[in-house]
Each structure stands twice: as structure tokens, then as C-alpha cells.
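# Coordinate inspection notes
Here are the chains, one letter per residue:
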Amino acid sequence: MGELEDAVMTRVWKWNRPVTVREVLEDLQQERSIAYTTVMTVLDNLHQKGWVRREAEGRAYRYEAVSTRAAYAAALMNDAWSQSDNPAAALVAFFGMMSDEQRQALRDAVRIVQGPETMDTSTDTGDENPGSPQDGGGR
């Protein structure tokens, strides 16, 4: 996705509702000079690429995201990772770039995906009821 497509999609994701070209245009114009037809073309391109669906409303369309920004980011990461000739080394390098907060978010995500039945108990702190990442518990 290009820079302008990303700027448009950011608004569609942020508003989380069907939007018109005019709404996106007016918001983008707070940051840059841009034409209505440019925004219309970008939304049409995003529709053709499958990032937004559209529904006719009079002579115009309302556009809505097909998936979330998180799903888009995950697809980008998966695509980049799958192109590596050494996926393990790519992950190690990626983890090395992460902040402490990002690494903690990764740990929490792995816990959520694995579920409590597959948790590694070798690092147990002795807490009999550690809780889950969702309820503020955990290790």
C-alpha cells in the first residue's frame, strides 16, 4: 500500500464506519492540498485491491474497510517473513529491534494464541492463580 493509500485507509480504519470521498477529502485537506478526484481514485483503487467495500448512496459511494489495521499489519509481517531464506534469523533480528513494551505485547499475544492449556509452567512464580493477560494477571 502506498503512502496516500495508507493515509486514506488510516481514516477509514479510525472512523470504523462507512465513509464518503468528501469526508476523507476534508480530513486529508487539513494536512495537505489534495483534489476530490485524487481521493476518489485512491478509494476506487483500494476497492479494486479488496481493502474496502463500497455501497452506492445516490450518485456516490460509501466505503468501509474489509479488515482491520491489525490484520493488515499482520499480513505485511507474514509476507516479509515468508520471503526470508532464514525465517528464524529474521525473527531474531526483528525481536532485537523491538522495544521492551513491544516484546511484552508479543509475550501477551503468544499467551493468548497458545491458551492456558499450553502455557509453559517451567517459569512459574509459585502463584497459585496467575490469571490471564486479559484480566491483568499473568507473569
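Here, every reference points to the structure presented above.
As a starting point, this report considers the structure included with it.

How each quantity is defined
- Residues numbered from 1 in each chain as written.
- Predicted model: local features only at pLDDT ≥ 70, side-chain atom pairs only at ≥ 80, totals over all residues.
- Heavy atoms only, no water.
- 1 Å grid on protein atoms, 1.4 Å probe; cavity = no way out; pocket = protein on both sides within 12 Å on 5 of 7 lines; lining within 4 Å.
- Points joined across faces, edges and corners; volume = space filled by probe spheres on them.
- Helix = DSSP H or I, 4+ residues; strand = E, 2+ residues; numbered from the N terminus.
- Axes fitted to C-alpha atoms, helices over the stretch in contact; angles between N-to-C directions.
- Parallel < 35°, antiparallel > 145°, perpendicular 65-115°, else oblique.
- Contact = heavy atoms within 4.5 Å.
- Nonpolar A, V, L, I, M, F, W, Y, C, P; charged D, E, K, R; others polar.
- Patch = residues over 30% accessible without salt bridge, like charges linked within 9 Å, V, L, I, M, F, W, Y side chains within 5 Å.
- Areas by Shrake-Rupley, 256 points an atom, 1.4 Å probe, with all protein chains shown as cover.
- Salt bridge = Lys/Arg side-chain N within 4 Å of Asp/Glu carboxyl O.
- Buried < 20%, exposed > 50% of the residue type's maximum accessible area, 1.4 Å probe, protein only.
- Expected span 1.5 Å × (residues − 1).
- Core = buried A, V, L, I, M, F, W, Y, C linked by side-chain atoms within 4.5 Å.

### Section: the layout of surface pockets
By volume, the largest pocket is sized at about 270 Å³. The wall of the largest pocket is formed by Ala74, Met77, Asn78, Ala80, Trp81, Ala90, Leu91, Phe94, Phe95 and Leu106. Contributing elements (two or more residues each) for the lining of the largest pocket: helix H4 (69-82) and helix H5 (87-97). No other element matches H4, which puts 5 residues into the lining of the largest pocket.

### As for the packing of helix H1 (residues 3-15) against helix H3 (residues 36-49)
For the pair H1 and H3, interaxial distance at closest approach is 10 Å and the crossing angle is 80°. In terms of orientation, H1 and H3 fall into the roughly perpendicular class. Contacts between H1 and H3 involve Leu4, Glu5, Val8, Met9 and Val12 on the former and, on the latter, Thr38, Val42, Leu43, Asn45, Leu46 and Lys49. Of the residues assigned to the contact of H1 with H3, the class counts are 7 nonpolar, 2 polar and 2 charged.

### Observations concerning the environment of Leu28
By the element assignment, Leu28 lies in helix H2 (residues 21-28). Residue contacts for Leu28: discarding those within four places in its chain leaves Ala7, Val8, Arg11, Ile34 and Val39.

### Focus on a nonpolar patch on the surface
On the surface, Met77, Phe94, Phe95, Met97, Leu106 and Val110 cluster together into a nonpolar patch covering about 540 Å² of accessible area. Mapped onto the nonpolar patch, the elements with two or more residues apiece are H5 and helix H6 (100-114). Residue contributions to the nonpolar patch peak at 3 residues, all from H5. Turning to its location among the elements, Phe94 is positioned in helix H5. Classification of Phe94 by relative accessible area gives partly exposed; the value is 37%.

### As for H6
Between its terminal C-alpha atoms H6 stretches 21 Å, which fits the 21 Å expected from 15 residues at 1.5 Å a residue. Backbone geometry just after H6 places Gly115 at a positive phi near 80°.

### Regarding the nonpolar core
Ranked by internal contacts, the top residues of the largest apolar core, which has 19 residues, are Val8, Val12, Val24, Leu28, Val39, Leu43 and Leu46. Within the residue set of this core, elements represented by two or more residues are H1, H2, H3 and strand S2 (60-65). Leave out the neighbours within four places in its chain, and Val8 touches Val24, Leu28, Val42, Leu43 and Leu46.

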